[in-house]
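Listed below are the residues making up each chain.
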Amino acid sequence: MMKETKIALGTWAWGAGAFGGDAVFGSNTDVENLKPVFEAAMKAGLNLWDTATVYGMGESERILGTLAKGVNRDDVAISTKFTPQIAEIFENSVEKMADASIERMDCGYIDMYWIHNPMDVERWTPGLIPLLKSGKVKRVGVSNHNIQEIERANEILGEAGFKVSAVQNHFSLLYRSSEKGGVLDYCKKNGIEFWAYMVLEQGALSGKYNKENPLPEESDRGKKYNPVLPQLEALTNEMTSIGQKYGASCPQIGIAWAIAKGALPLIGATKERHVIEAAEAAKIQLTAEEVARLEKLADATGIDTRGGWEHSME
C-alpha cells in the first residue's frame with residue numbers, strides 16, 4: 001500500500017445506525033472513545049484503515065475522516081467500499097458513491113476502493129475505471145467474490161490497463177472457503193493481496209466467550225455464535241496453548257494463523273488493546289505443524305460460519 005503493513009484495521013463496529021456497530025456487534029462507539037484507539041494504532045505502525053459507506057450508513061466513514069484529520073494524509077491509508085445494494089441512493093453510480101465517501105471523510109482521495117459484493121460484476125466493475133483514471137482512487141479491489149468473478153473483474157479492468165489489486169473475503173480457521181475454492185492460490189499467482197475479514201469470527205475465536213460468558217445476546221453476532229460456543233472450546237484451548245509458547249493470547253494466534261496463510265488480516269478496532277495486540281501478533285511465525293493442528297481442530301468443530309451476505313467460494 002504505502003509502507004508495508006501486515007494488518008488492516010476494520011471499522012465496521014464504529015458508529016450507530018443501519019448496519020452499524022450497535023446492531024451488529026452490540027457495541028457503542030463514537031469519535032471520543034475511538035480517538036485513543038486510532039492514535040494507538042498509528043503509533044504501533046498500523047496505518048491501514050478499512051471502512052464502507054454502508055457501515056452505519058456513512059457514520060463509520062465520518063468518524064474515520066474526523067480522526068484522520070489529525071495526521072498527514074500521506075501517513076494514513078484509507079480503504080472504503082461501493083455497496084451495490086445501496087447504489088440507488090447514489091443514482092446507481094460507483095463514482096458518485098466514491099465522491100460522497102471522499103467528501104464525508106474529507107480525505108481528497110481513496111487509497112483502496114472495493115466493490116463490496118458481486119451482485120453484478122458486469123454492471124459495477126466498469127464504474128471503477130473513471131475513478132482510477134482521475135486519481136480519486138489509487139487502487140481497487142473486490143470483496144466477497146469467487147474465483148470466476150475475480151477473473152471477470154480483472155478482465156474488465158484489464159481492458160482499460162488496470163487490475164484488481166486486492167481481494168477481501170471472509171477467511172478464518174472456521175471458514176476456509178477461499179482457500180478451498182482456489183482464491184488464495186489465484187491471488188498468490190497474480191500478485192493480488194488477499195485481505196481476510198472476520199479472522200476471529202467477531203470475537204467467537206477470541207477465547208473470551210463460552211457458555212458461562214456468552215457474546216452480547218441481542219447482537220447479531222450473539223445470535224449467530226452463542227449456540228456453537230461449546231463446540232469451539234477444543235480449538236480455542238489449543239490456540240491459547242500455542243499462544244503460551246509465543247507469549248501471546250488466543251486471538252493473536254488466530255491473527256498469526258491468517259498471516260501464515262499469506263493473508264492480510266482485517267482486525268476490528270474498538271479498543272486500544274485490540275490494535276496493540278494485532279501489531280504484536282504480526283511478529284509471530286507459527287510452524288507448519290501448528291497451522292495443521294489448528295486446522296484439524298477447526299474442521300472437527302463442524303461449524304459453517306458463512307455469512308448470509310456471501311456465497312461459497314468453492
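Provided above is the structure to which this section pertains.
Residue positions within a chain follow its written sequence, with the count starting from 1. Residues qualify for local features only when their pLDDT is at least 70, as the model is predicted, and side-chain atom pairs are given and counted only at 80 or more; totals for whole chains, interfaces and linings, by contrast, use all residues. Only hydrogens and water are set aside when side-chain values are computed; all heavy atoms of the structure are taken into account.

Caption draft 1: Region of the structure containing the overall build of the protein. Looking only at helices and strands, the protein has 14 helices and eight strands in total. Computed over its C-alpha atoms, the radius of gyration of the protein comes to 19 Å, within 12% of the 20 Å expected for a compact globule of 314 residues. Seen through its principal axes, the protein has C-alpha atoms that stretch 50 × 40 × 35 Å. Note on contacts: a residue pair is in contact if any heavy atoms of the two residues lie within 4.5 Å. In the protein, of all internal contacts separated by at least 6 residues, the share reaching a separation of at least 24 is 78%. Only the protein chains shown count as cover for residues, with accessible areas throughout obtained via the Shrake-Rupley method and a probe of 1.4 Å. Accessible surface for the protein amounts to roughly 13100 Å². Of this, 49% is attributable to carbon and sulfur atoms. Charged side chains in the protein number 34 positive and 43 negative. The centres of these two groups are separated by 3 Å. The secondary structure listing takes helices from DSSP runs of H or I that are at least 4 residues long and strands from runs of E that are at least 2 residues long, numbered from the N terminus. Note that the radius of gyration is over C-alpha atoms, with the globule rule given as 2.2 Å times the number of residues to the power 0.38. The charge count includes Lys and Arg as positive and Asp and Glu as negative, but it does not include His or the ends of the chains. By convention, charge coordinates are those of NZ in Lys, CZ in Arg, CG in Asp, or CD in Glu.

Caption draft 2: Structural context of the sheet that holds strand 6 (residues 166-170). Strand order in this closed barrel of eight strands is 1-2-3-4-5-6-7-8, and the pairing throughout is parallel. Across the sheet, the mean angle from the axis of one strand to that of its neighbour is 30°, orientation sign disregarded. Pairing between strands requires that DSSP locate at least two bridges from one strand to the other. Of the pairings in the sheet, the one linking strand 2 (residues 48-50) to strand 3 (residues 77-82) comprises three bridges and is parallel in character. Residue pairing in the sheet places Leu 48 in a bridge with Ala 77 of strand 3. To define axes, lines are fitted to C-alpha atoms, for helices over the stretch in contact only, and angles between the resulting N-to-C directions are given on a 0 to 180 degree scale.

Caption draft 3: Quick look at empty space enclosed by the protein. Using only the protein atoms, space was sampled on a 1 Å grid; points where a 1.4 Å probe fits but cannot get out form cavities, open sets with protein on both sides within 12 Å along at least five of seven lines form pockets, and lining residues are those with an atom within 4 Å of a point. Grid points are joined across faces, edges and corners, and a volume is the space filled by probe spheres set on the points. Applying the stated criterion across every chain yields a total of one cavity of 30 Å³ or more. One number sums up the size of the largest cavity: a volume of about 30 Å³. Considering the residues around the largest cavity, the lining is formed by Ala 204, Gly 207, Tyr 209, Leu 229, Leu 232, Glu 233 and Thr 236. A per-class count over the lining of the largest cavity returns four nonpolar, two polar and one charged. Amino acids are sorted into nonpolar (Ala, Val, Leu, Ile, Met, Phe, Trp, Tyr, Cys and Pro), charged (Asp, Glu, Lys and Arg) and polar (every other residue, Gly among them).

Caption draft 4: Representation of the packing of aromatic side chains in the model. A pair of Phe, Tyr and Trp rings is counted when the ring centres sit within 6.5 Å of each other, with Trp represented by its six-membered ring. The angle between the planes then sorts it: under 30 degrees is stacked, over 60 is edge-to-face, the rest tilted. Scanning all chains against the criterion turns up eight aromatic pairs. Aromatic ring contacts, followed pair by pair, group Trp 12, Tyr 55 and Trp 309 into a single cluster. Two conditions define a charge located above a ring, namely a distance within 6 Å from the ring centre to NZ of Lys or CZ of Arg, and an angle within 35 degrees of the ring normal. Directly above the ring of Tyr 109 sits Arg 73, whose terminal nitrogen or CZ lies 3.9 Å from the centroid. Taking NZ or CZ as reference, Lys 138 lies 4.7 Å from the ring centre of Tyr 109, over its face.

Caption draft 5: A look at helix 11 (residues 229-246). In a helix, the anticipated span is given by 1.5 Å times the number of residues less one. In this model, helix 11 (18 residues) spans 25 Å end to end at C-alpha, consistent with the 26 Å of a helix rising 1.5 Å per residue. We define the bend at each residue as the angle formed by axes fitted to the 7 residues ending at it and the 7 residues starting at it. In helix 11, a bend of some 30° at Leu 235 exceeds every other bend along the element. Only protein chains enter the accessibility calculation, which uses a 1.4 Å probe; a residue is then buried when its area is under 20% of its type maximum, exposed when over 50%, and partly exposed in between. Turning to helix 11, its buried residues number three or more, namely Leu 229, Leu 232, Leu 235, Thr 236, Glu 238, Met 239, Ile 242 and Gly 243. Buried-residue contacts for helix 11 involve helix 10 (220-225), helix 12 (250-260) and helix 14 (288-301).

Worth remembering: the numbers are spatial, not functional.
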